[in-house]
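# Per-entry structural report
Listed below are the residues making up each chain.
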Amino acid sequence: MNRKKQLLCVIPHSPAFDSCFPLLERLHARGRIAPFILLGPRLRKVEPRAEAAIRAAGLSYKAASLLRLELWAALDILRADAVLTHSDPRAYGGKFRPRDSVITGAKKPTVFVQHGMVQAGLHYGGAKPVWDFHAGLILTWTQLPDPHAPFFAHDIADRLRVTGLIKTNRLAPAATLGDLDRELGTWRQRLLICHNFGFESPLYPVSAQRQAFSEWAKLADARPDTLFILRSHRGKSHPENTAMIEALVKGRPNIVLSERHAGLMRMATINDVMAVVDKVISHPSTVVLDAIYDQKPVGVFNAVQPELACLPCVETAEQIAAFLDDGDALRHAAPIRARYGELSHNLDRAAEVVESHLLAL
């Protein structure tokens, strides 16, 4: 009996889990490849639902220490036939990570999965003049605007395979959702505002932030019966935002913060917060797709991507108010759903590509 090819995935935190686990789960269910997960201590502590999901799916995994994750993972890397990652060891290798050095030094076959809707290295050059990837197989959700863009290394286009959207929420609903829903109180509507100000300064300068905050303040004052939940990138705080956020919230009880480490929504994921709101507005980001696939109406601001032109533009208080009053706002998302496909079909397509790639090694 032939041994199944082993695909190793190191999962130290939520971004890696969200991006890689759905595909690992599908590969395991199909049975042609043997996925193996090294699950880091940080994720096990802050998000126990991740380990529960891995266990429920029947995947082989090791609850690893930080030392195992960073140093002793070399043994697992060398034993595996290939590595699955959302952070290519060459393209995204900023700070020194021993396991990245092992992957590149051993020329270990690597599969890289897209993790963001608007992503440096895939959609724009960002800080690097040239982006090269170690991965021999790169899975993207849609066709890139220009797979031969000058910021790509010369042969990147040959390694790209379009799968449709495969990043999706696989965590069980939070046990505290009912409590959160009650604590948020009774409002005519709840609007989630997601922004990347401070985290994507090359795309969204401070001037754009000042303009957006001014419009949000105007709308909150005009609609005291509406709750506005403000969430920055992954619920993190940024020193560039602190003073402006404090000024925005001051004297406005109908604006609350969804923060990763503080407040009413402490440690809540984007999907947890999404479950208790009526509508969403966001910068161009994966949040847009999270909302669409969670059946939440979504509008966008500071968006220049042609694919998002079908969604309501919500840059002024008047535009946001019209979006809030639209009784059929979900209809706008149909072209994007058609573009990114249906998740189960996409996961099978991605699994087939990965299986073919590994079996040919």
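As the structure is a computational prediction, the values presented were derived from the model and not from experiment.

Scanning the protein chain from N- to C-terminus turns up 14 helices and 12 strands. Taking 361 residues into account, the globule formula puts the C-alpha radius of gyration at 21 Å, and the protein chain, at 21 Å, falls close to it. Reported as C-alpha extents along the three principal axes, the dimensions of the protein chain are approximately 70 × 45 × 35 Å. The 361 residues of the protein chain split such that 55% are buried. Sequence-distant contacts, at least 24 apart, represent 72% of the contacts inside the protein chain between residues at least 6 apart.

Picture the strands of a sheet paired through backbone hydrogen bonds; they go either parallel or antiparallel. Taken in spatial order, the seven strands line up as β3-β2-β1-β4-β5-β6-β7 in an open sheet, and their pairing is parallel. For this open sheet the edge positions go to β3 (60-63) and β7 (160-162), each flanked by a neighbour on one side alone. Neighbour-to-neighbour, the strand axes of this sheet turn through a mean angle of 20°, independent of strand direction. Judged from the three bridges that link them, strand β4 (residues 82-85) and strand β5 (residues 110-113) form a sheet pairing that is parallel. Across the sheet, residue T85 finds its bridge partner in β5, namely F112. Docked against the sheet, helix α1 (residues 14-30) engages β1 (5-11), β2 (33-39), β4, β5 and β6 (137-140), running at close to 155° with respect to β1.

This part takes up the packing of aromatic side chains. Throughout the structure, instances matching the rule amount to 11 aromatic pairs. Their ring planes at 45° and their centres at 5.3 Å tell us that F112 and F133 sit as a pair that is tilted. Residue F112 is located in strand β5, and its partner F133 is located in the loop between β5 and β6; the two are separated by 21 residues in the primary sequence. By the burial criterion, F112 is buried, and F133 matches it. Ring geometry for F197 versus F213: centroids 6.2 Å apart, planes at 75°, classification edge-to-face. One end of the pair, F197, is in the loop between β8 (189-195) and α8 (206-222); the other, F213, is in helix α8, and 16 residues separate them in sequence.

Here we have five strands laid out as an open sheet, ordered β10-β9-β8-β11-β12, and parallel in their pairing. Lying at the two open borders of the sheet, with one neighbouring strand each, are β10 (255-257) and β12 (298-300). Sheet twist, expressed as the mean angle between neighbouring strand axes with direction ignored, is 25°. Where helix α9 (residues 242-249) meets the sheet, it contacts β9 (226-232) and β10, and its direction lies at approximately 140° from that of β10. Along the sheet, helix α12 (residues 317-325) contacts β8, β9, β11 (279-282) and β12; its crossing angle with β11, the most-contacted strand, is approximately 150°.

Once that is clear, we can look at the pairing of β1. Within a regular strand, the side chains alternate between the two sheet faces. By the criterion of burial, β1 is predominantly enclosed, with six of the seven residues buried. Sheet topology note: the β1/β2 ladder contains seven bridges and is parallel. From the neighbouring strand, V10 faces β2, where its bridge partner is L38. Where the polypeptide runs from β1 across α1 and back to β2, its parallel neighbour, the crossover connection is right-handed. Across two bridges, β1 lies against β4 in parallel orientation. Bridged to L7 within β4 is A82.

This part covers the environment of A64. As for its position among the elements, A64 is in the loop between β3 and α4 (66-79). The exposure class assigned to A64 is buried, which follows from its relative accessible area of 1%. Once the C-alpha coordinates of A64 and R42 are considered, the two residues, 22 residues apart in sequence, prove to be 9.9 Å apart. Other than its neighbours up to four places away in sequence, A64 contacts L38, L39, G40, P41, R44 and L69.

Calculation criteria
Residues numbered from 1 in each chain as written. Predicted model: local features only at pLDDT ≥ 70, side-chain atom pairs only at ≥ 80, totals over all residues. Heavy atoms only, no water. Helix = DSSP H or I, 4+ residues; strand = E, 2+ residues; numbered from the N terminus. Rg over C-alpha atoms; globule rule 2.2 N^0.38 Å. Buried < 20%, exposed > 50% of the residue type's maximum accessible area, 1.4 Å probe, protein only. Contact = heavy atoms within 4.5 Å. Pairing = 2+ DSSP bridges. Axes fitted to C-alpha atoms, helices over the stretch in contact; angles between N-to-C directions. Phe/Tyr/Trp six-rings, centres within 6.5 Å; stacked < 30°, edge-to-face > 60°. Right-handed = clockwise from strand over helix to strand, strands pointing away.

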